[in-house]
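Given next are the chains, with one letter for each unit.
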Amino acid sequence: ILTEKRDSTGIITLNHAEKRNALSETLIEEITSALEGFRALEIRAVVLRAQPGIKVWSAGHDVNELPLRGRDPLGWNDPLRILIRSIQEFPAPVIGMIEGSVWGGACEVAMACDILIATPDAAFAITPAKLGVPYNLGGLMTLINMIPLPIVKEMLFTAQPLPADQALNLGIINYIKANDEIESFVFDMAQRIANNSPLSISSMKDSLRLLSSAHAVTPDLFEKIQGMRRIVYDSEDYQEGIRAFREKRKPRFMGK
Ligand code: LCV
């Protein structure tokens, strides 16, 4: 990643284009430590972006780091989960500046941002079904807090990209701006945020996080869901999804 401080705005630029900014443990650790550094500098707005004009904002979870059979691929301490929480718990607003296509767990990273501004070519594809992965409860919570349920189901079940204009119509992203306008638009908004009360904003951001995740899940319900998910990540289909990706071929899911 590249990091930059511009007045009270901190900028994180994903910078691993040769691997399509796949969210490896290393890349995620760089992002979370940059956020920790920004917290110490009392940064008042963060912009999370990729290189200008990029075709793929992020290809999502590094598939080569997905555990093989028998282990939850999206457990509490997995890097992607740590990254999502570090964005959601950061005391200042994080603006996702999206150029290009966003895949899998990177969609959830985008949806964990507080405000999303995208270029017309941006698109969002949530892909666990393409890999045979059972998305986790917290991740689904992030998604349904940002996306209307019928659209979340369409995105999860088809794993097809949702284009920026459709995302804007649905209120998933705040603005679409042309490539030559988006940077100044985003930084102007970051500056407006930085000029307001950081204490007020931080308390409201955290209150909204707590309110939006306040869903009663009984222990029985939780264990039922975990049991269902284990059947999936223990399945042949889960292995087939990862193998197919590595062999650069379409997966053949047999439902077992
Ligand atoms: C590792 C990669 C990746 C990658 N991991 O370039 O949400 S969940 O549950 O599904 C979660 C588990 C998750 O996020 O899973 C990952 C979901 N992501 C995807 O399904 C997208 C996978 N990537 C692609 O479909 C293509 O790479 C796109 C369309 C993003 C870009 O295609 P393009 O032709 O421009 P390549 O496919 O040639 O990729 C360039 C290099 O990046 C690696 C890929 O293996 C290749 O590496 P090599 O040059 O060593 O072959 N790469 C891409 N995505 N998610 N590695």
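The structure we're discussing is the one just above.
How each quantity is defined
Residues numbered from 1 in each chain as written. Predicted model: local features only at pLDDT ≥ 70, side-chain atom pairs only at ≥ 80, totals over all residues. Heavy atoms only, no water. Pairing = 2+ DSSP bridges. Helix = DSSP H or I, 4+ residues; strand = E, 2+ residues; numbered from the N terminus. Axes fitted to C-alpha atoms, helices over the stretch in contact; angles between N-to-C directions. Parallel < 35°, antiparallel > 145°, perpendicular 65-115°, else oblique. Left-handed = near helix turned anticlockwise from the far one by under 90°. Contact = heavy atoms within 4.5 Å. Nonpolar A, V, L, I, M, F, W, Y, C, P; charged D, E, K, R; others polar. Buried < 20%, exposed > 50% of the residue type's maximum accessible area, 1.4 Å probe, protein only. Polar contact = N/O pair within 3.5 Å; in protein donor to acceptor, adjacent residues only side chain to side chain. Salt bridge = Lys/Arg side-chain N within 4 Å of Asp/Glu carboxyl O.

### Some words on the pairing of strand β1 (residues 2-6)
Phase 1 of the analysis: As paired elements, β1 and strand β2 (residues 9-14) share five bridges and run antiparallel to each other. The residue bridging Leu2 from the neighbouring strand is Thr13, located in β2.
Phase 2 of the analysis: The turn joining β1 and β2, which pair antiparallel and follow one another in sequence, is formed by two residues; a positive phi near 55 degrees is taken by Asp7.

### Focus on the packing of helix α1 (residues 25-40) against helix α2 (residues 79-88)
Phase 1 of the analysis: Packing of α1 against α2 leaves a shortest axis separation of 10 Å and a crossing angle of 20 degrees. What the angle tells us is that α1 and α2 run roughly parallel. In this structure, α1 crosses over α2, and the sense of that crossing is left-handed. Contacts between α1 and α2 involve Glu25, Ile28, Ile31, Thr32 and Leu35 on the former and, on the latter, Pro79, Leu80, Ile82, Leu83, Ser86 and Ile87.
Phase 2 of the analysis: Considered class by class, the residues forming the contact of α1 with α2 number eight nonpolar, two polar and one charged.

### Some points on helix α3 (residues 105-112)
Phase 1 of the analysis: Most of α3 is tucked away: eight of the eight residues are buried.
Phase 2 of the analysis: Within α3, the full set of buried residues consists of Gly105, Ala106, Cys107, Glu108, Val109, Ala110, Met111 and Ala112.

### Re the side chain of Glu99
Phase 1 of the analysis: Among the structural elements, Glu99 can be located in the loop between β5 (94-98) and β6 (101-103).
Phase 2 of the analysis: In terms of polar contacts, Glu99 uses its side chain to reach the side chain of Arg49, at 3.3 Å.
Phase 3 of the analysis: A distance of 2.9 Å separates a polar atom in the side chain of Glu99 from the backbone nitrogen of Gly53.
Phase 4 of the analysis: Dropping the residues within four chain positions of it, Glu99 is found in contact with Arg49, Ala50, Gln51, Pro52, Gly53, Ile54, Val56, Trp57, Thr119, Asp121 and Asn179.

### Observations concerning the pattern of salt bridges
When charged atoms on two side chains of opposite charge get close, those side chains can pair.
Phase 1 of the analysis: The full count for this structure, using the stated rule, is 11 salt bridges.
Phase 2 of the analysis: The salt bridge partner of Arg6 is Glu4, with a shortest N-O separation of 3.0 Å.
Phase 3 of the analysis: Overall, Glu4 belongs to the partly exposed group, its relative accessible area being 36%.
Phase 4 of the analysis: Where Arg209 meets Asp206, a salt bridge forms, and the shortest distance between an N and an O atom there is 2.8 Å. Of this pair, Arg209 and Asp206 are both found in helix α9 (residues 198-212), three residues apart, which corresponds to roughly one turn of the helix.
Phase 5 of the analysis: Classification of Arg209 as partly exposed rests on a relative accessible area of 24%.
Phase 6 of the analysis: Salt bridges linked by common partners bring Glu240, Arg243, Glu247 and Arg249 together as one network.

### Some thoughts on unusual backbone geometry
Phase 1 of the analysis: With phi around 55 degrees, Asp7 is a residue other than glycine that occupies positive phi space.
Phase 2 of the analysis: Within the secondary structure, Asp7 sits in the loop between β1 and β2.
Phase 3 of the analysis: At Arg20, a residue that is not glycine, the phi angle is positive and equals roughly 55 degrees.
Phase 4 of the analysis: Considering the arrangement of structural elements, one finds Arg20 in the loop between β2 and α1.

### Concerning the side chain of Glu240
Phase 1 of the analysis: Relative to the assigned elements, Glu240 resides in helix α11 (residues 236-246).
Phase 2 of the analysis: For Glu240, the residues in contact, after removing those within four places along its chain, are Arg249, Lys250, Pro251, Arg252 and Phe253.

### Points about the pairing of β5
Phase 1 of the analysis: Most of β5 sits out of view: five of its five residues are buried.
Phase 2 of the analysis: Burial of the side chains of β5 extends over both faces: Val94, Gly96 and Ile98 are buried on one face and Ile95 and Met97 on the other.
Phase 3 of the analysis: In the sheet, strand β3 (residues 45-50) pairs with β5 via three bridges, with the strands oriented parallel. If you follow Val46 over to β5, its bridge partner there is Val94.
Phase 4 of the analysis: Sheet topology places β5 next to strand β7 (residues 115-118); four bridges connect them, and they run parallel. Looking across to β7, one finds that Gly96 is bridged to Leu116.

Honestly, it's all geometry; don't read function into it.
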